[in-house]
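# Architecture at a glance
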Amino acid sequence: MNKSEALSKIKAALTGDAQVITPKGETYEDFVERLSKELLANVITPVEATVISTCADNGDFEKYKSSKVWAIANYDGSWLLTLESENDFALGFGDDPDKIMMHGFSSSDVLGEWCT
């Protein structure tokens, strides 16, 4: 995966409704637009990632542990992860993409996962 493919995958996923909690004083539309711009500003040249642990039981850890995973955005130790062959995203944490702790759950809601 290259950066252009990562951007395309994210932009395609941004077309649906995001499951985010809108802060008081903001409209849902403005909040989603701001978060989308922030996410796109943090897209990186994708690197293969290895998910080694999870914060939550009964999530999607096994799926990410046994699949080809790409880290496609990064901000301050938080990684947006995606499966190579699926429209699926998850949030991970860590300093090294070879040692990522996954939040635990994943979905096609790229913004909802990034903002978890």
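Our subject is the structure that appears above.
Here we summarise the structure given alongside this text.

### Side note on unusual backbone geometry
- In this structure, Asn 58 is a non-glycine residue whose phi angle is positive, near 60°.
- Residue position: Asn 58 is located in the loop between β2 (51-54) and α3 (61-65).
- Of note, the phi angle at Asp 76 is positive, near 50°, even though the residue is not glycine.
- One can find Asp 76 in the loop between β3 (69-75) and β4 (78-83).
- Residue classification places Asp 76 among the exposed residues on the basis of a relative accessible area of 71%.

### Details of the side chain of Thr 82
- Mapped onto the elements, Thr 82 comes out in strand β4.
- In terms of polar contacts, Thr 82 uses its side chain to reach the side chain of Lys 9, at 2.7 Å.
- Looking at Thr 82, its side chain comes within polar contact range of the main-chain oxygen of Asp 88, at 2.8 Å.
- With residues near it in sequence (within four places) discarded, Thr 82 still touches Met 1, Lys 9, Tyr 64, Lys 68, Val 69, Trp 70, Ile 72, Asp 88 and Phe 89.

### A look at helix α2 (residues 28-41)
- Spanning 14 residues, α2 covers 20 Å between terminal C-alpha atoms, matching the ideal 20 Å at 1.5 Å per step.
- By the burial criterion, the buried members of α2 are Phe 31, Val 32, Leu 35, Ser 36 and Leu 39. Axial view of α2: buried residues confined to an arc of 130°, hence all on one face. Of the residues in α2, the exposed ones pointing more than 90 degrees away from the buried face are Glu 29, Lys 37 and Ala 41.
- The elements touched by buried residues of α2 are α1 (3-13), β1 (43-49), β3, β4 and α4 (110-114).

### What to know about the state of the cysteines
- Within the structure shown, the criterion is met by zero disulfides.
- Counting only cysteine sulfurs, Cys 115 is the nearest neighbor of Cys 55, a cysteine outside any disulfide, at a range of 16 Å.

### Things to note about the layout of surface pockets
- Its volume calculated, the largest pocket comes out at about 150 Å³.
- Around the largest pocket, the lining residues are Leu 35, Glu 38, Leu 39, Asn 42, Tyr 75, Asp 76, Ser 78, Trp 114 and Cys 115.
- In terms of residue count, α2 provides more of the lining of the largest pocket than any other element does, three residues in total.
- Per-class residue counts for the lining of the largest pocket are five nonpolar, two polar and two charged.

### Focus: empty space enclosed by the protein
- In total, this model carries one cavity of 30 Å³ or more according to the counting rule given.
- A volume near 30 Å³ is recorded for the largest cavity.
- What lines the largest cavity is simply Ala 13, Leu 14, Gly 16, Asp 17, Ala 18, Val 32, Asp 109, Val 110 and Leu 111.
- Of the residues assigned to the lining of the largest cavity, the class counts are six nonpolar, one polar and two charged.

Cut-offs applied
Residues numbered from 1 in each chain as written. Predicted model: local features only at pLDDT ≥ 70, side-chain atom pairs only at ≥ 80, totals over all residues. Heavy atoms only, no water. Helix = DSSP H or I, 4+ residues; strand = E, 2+ residues; numbered from the N terminus. Buried < 20%, exposed > 50% of the residue type's maximum accessible area, 1.4 Å probe, protein only. Polar contact = N/O pair within 3.5 Å; in protein donor to acceptor, adjacent residues only side chain to side chain. Contact = heavy atoms within 4.5 Å. Expected span 1.5 Å × (residues − 1). Arc of directions from axis to C-beta. Disulfide = S-S within 2.5 Å. 1 Å grid on protein atoms, 1.4 Å probe; cavity = no way out; pocket = protein on both sides within 12 Å on 5 of 7 lines; lining within 4 Å. Points joined across faces, edges and corners; volume = space filled by probe spheres on them. Nonpolar A, V, L, I, M, F, W, Y, C, P; charged D, E, K, R; others polar.

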